[in-house]
Amino acid sequence: MQIMNNIFQLAEACLTSPDLTVKLDLTQQARKLLENRTLDFSESSPPLPIHHVHFPQQLRWVEPKDLRQRKLSSLEGRVALLHAVAHIEFNAIVLHWDGVYRFRGLPQAYYRDWLTVAIEEMTHFCLLRHRLNELGAEYGDLPVHNGLWQIAEDTAGDILARMALVPRFMEARGLDVTPAMIDKLAQVGDKKSAGILKTILADEVGHVAKGSYWFQTLCRMKDQNPEVLYFQLIENHLGGKVRRPINQKLRSRAGFSNEELRRLMAMSSIL
Ligand SMILES: [Fe+2]
Ligand SMILES: [Fe+2]
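Summarised in this report is the structure supplied together with it.

What counts as what
- Residues numbered from 1 in each chain as written.
- Chains lettered and ligands numbered in written order.
- Predicted model: local features only at pLDDT ≥ 70, side-chain atom pairs only at ≥ 80, totals over all residues.
- Helix = DSSP H or I, 4+ residues; strand = E, 2+ residues; numbered from the N terminus.
- Rg over C-alpha atoms; globule rule 2.2 N^0.38 Å.
- Contact = placed C-beta atoms within 7 Å.
- Axes fitted to C-alpha atoms, helices over the stretch in contact; angles between N-to-C directions.
- Parallel < 35°, antiparallel > 145°, perpendicular 65-115°, else oblique.
- Nonpolar A, V, L, I, M, F, W, Y, C, P; charged D, E, K, R; others polar.
- Expected span 1.5 Å × (residues − 1).
- Bend = angle between axes of the 7 residues up to and from the residue.
- Core = buried A, V, L, I, M, F, W, Y, C linked by C-beta atoms within 7 Å.
- Buried ≥ 20, exposed ≤ 12 C-beta atoms within 10 Å, placed from the backbone.
- Left-handed = near helix turned anticlockwise from the far one by under 90°.

A tally of helices and strands in the protein chain yields 10 helices and 4 strands. Along its sequence from the N terminus, the protein chain presents helices and strands in the succession α-α-β-α-α-β-α-α-α-α-β-α-α-β. Since a compact globule built from 271 residues should have a radius of gyration of about 18 Å, the 18 Å found for the protein chain is in line with a globular shape. Within the protein chain, contacts between residues at least 6 apart in sequence are counted, and of these 77% link residues at least 24 apart.

The next point concerns the packing of helix α6 (residues 159–187) against helix α8 (residues 226–238). Packed helices, taken two at a time, are described by the angle their axes make and the gap between the axes. Contact geometry for α6 and α8: axes closest at 10 Å, N-to-C directions at 85°. If you check the angle between α6 and α8, you find them roughly perpendicular. Every residue of α8 that contacts α6 at Leu160, Ala161, Ala164, Leu165, Arg168 and Phe169 is listed here: Leu229, Tyr230, Leu233, Ile234 and His237. When the residues that make up the contact of α6 with α8 are grouped by side-chain class, the tally is 9 nonpolar, 1 polar and 1 charged.

Compared with an ideal rise of 1.5 Å per residue, which puts 29 residues at 42 Å, α6 spans 41 Å between its outermost C-alpha atoms and is within 8% of the ideal. At valine 177, α6 shows its maximal bend, which comes to roughly 40°, and the proline proline 179 appears one to four places after that position. Downstream of α6 by a residue or two, glycine 189 has a phi angle that is positive, lying close to 90°.

Membership of the largest hydrophobic core comes to 66 residues, with the highest contact counts inside it found for Ile7, Ala11, Trp97, Val100 and Ala164. At the level of secondary structure, the elements contributing two or more residues to this core comprise α1 (7–16), α2 (20–36), α3 (75–102), α4 (108–134), α5 (147–154), α6, α7 (191–221) and α8. With 15 residues, α3 is the largest single contributor of residues to this core. Apart from the residues lying within four places of it in its own chain, the contact partners of tryptophan 97 are Ala11, Cys14, Leu15 and Ala118.

Two elements in contact, α2 and α4, have axes whose closest approach is 10 Å; the angle formed by their N-to-C orientations is 130°. Accordingly, the angle class assigned to the pair α2 and α4 is oblique. In the packing of α2 onto α4, the handedness of the crossing is left-handed. Across from Leu24, Thr27, Ala30, Arg31 and Leu34 in α2, the residues of α4 making contact are Leu115, Ala118, Ile119 and Met122. Split by residue class, the contact of α2 with α4 holds 7 nonpolar, 1 polar and 1 charged.

Quick look at unusual backbone geometry now. Going from arginine 244 to proline 245, the amide bond is cis rather than trans, its omega being 5°. Mapped onto the elements, proline 245 comes out in the loop between β3 (242–244) and α9 (248–253). At arginine 37, a residue that is not glycine, the phi angle is positive and equals roughly 60°. Note that arginine 37 resides in the loop between α2 and β1 (61–62). Overall, the presence of 6 C-beta atoms within 10 Å leaves arginine 37 in the exposed class.

We now examine the environment of leucine 233. Tracing the backbone shows leucine 233 in helix α8. Residues leucine 233 and leucine 165, spaced 68 residues apart in sequence, show a C-alpha to C-alpha distance of 7.8 Å. Apart from the residues lying within four places of it in its own chain, the contact partners of leucine 233 are Leu160, Ala161, Ala164 and Leu165.

Its location among the elements puts alanine 13 in helix α1. By C-beta crowding, alanine 13 is classed as buried, having 20 other C-beta atoms within 10 Å. Considered as a pair, alanine 13 and glutamate 121 are 108 residues apart in the sequence and their alpha carbons are 18 Å apart. Once residues lying within four places of it in the same chain are set aside, the contact partners of alanine 13 are Met4 and Leu26.

What follows covers the environment of tyrosine 230. The residue tyrosine 230 is located in helix α8 in this model. Between the alpha carbons of tyrosine 230 and valine 94 there is a distance of 23 Å; along the sequence they are 136 residues apart. Apart from the residues lying within four places of it in its own chain, the contact partners of tyrosine 230 are Ala164, Arg168 and Glu260.

Below you can see the structure in the form of structure tokens.
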């Protein structure tokens, strides 16, 4: 593989490759460069349009409604849950690399933060993939849905929408639903999988917190009120649909204001 040390070239190579191993290897390469402080942040060519981003060839895509729900008490059910979460984590690697690649002219700290998050998502994905392998399965064995990538495409031209909807909506949703998943896995005796989700949940609070920080910082730079714009963006892109549960404690730790939490609770439906 070609050795690159520029963050945007690495991002482009990672995003446009249809090969799962290449994507992971390039993310690992970026991790080493970041740790050694030899990563180059200079910008040369502008980003390619988002349709140049590829997912691994082996994935079979279906509509979210066509994914079967299985009981967690069975091995099949646990594999389905872990496969679904592995897919979320894989999407997250690609989403955060895309956030690095697509939005230019920002402080270097922005790129460092989101590359660090992409690297953590790779760790999450690898933990889950390893667990799937222990249970006799592999990522790509089950069909996957493209609901998460749809949000990336919808927000490709607007960094404020990207920050609001990726870390502060999708990843924040993870804070809401993961504690119950951990409890269910522990109840059926799968402590190992529960432990992996606990590790992931602790990191995800940090991802949402970075989303809050950059959303608020960039709003200030663009003379926007973050508390007003956040709800406008949810309305424009998602029709204002907010589901319960809302994990107020973890969201508060991740930078949601009391006013934002109050509004989210008021507009959420029990689904
Ligand atoms: Fe993650
Ligand atoms: Fe994340």
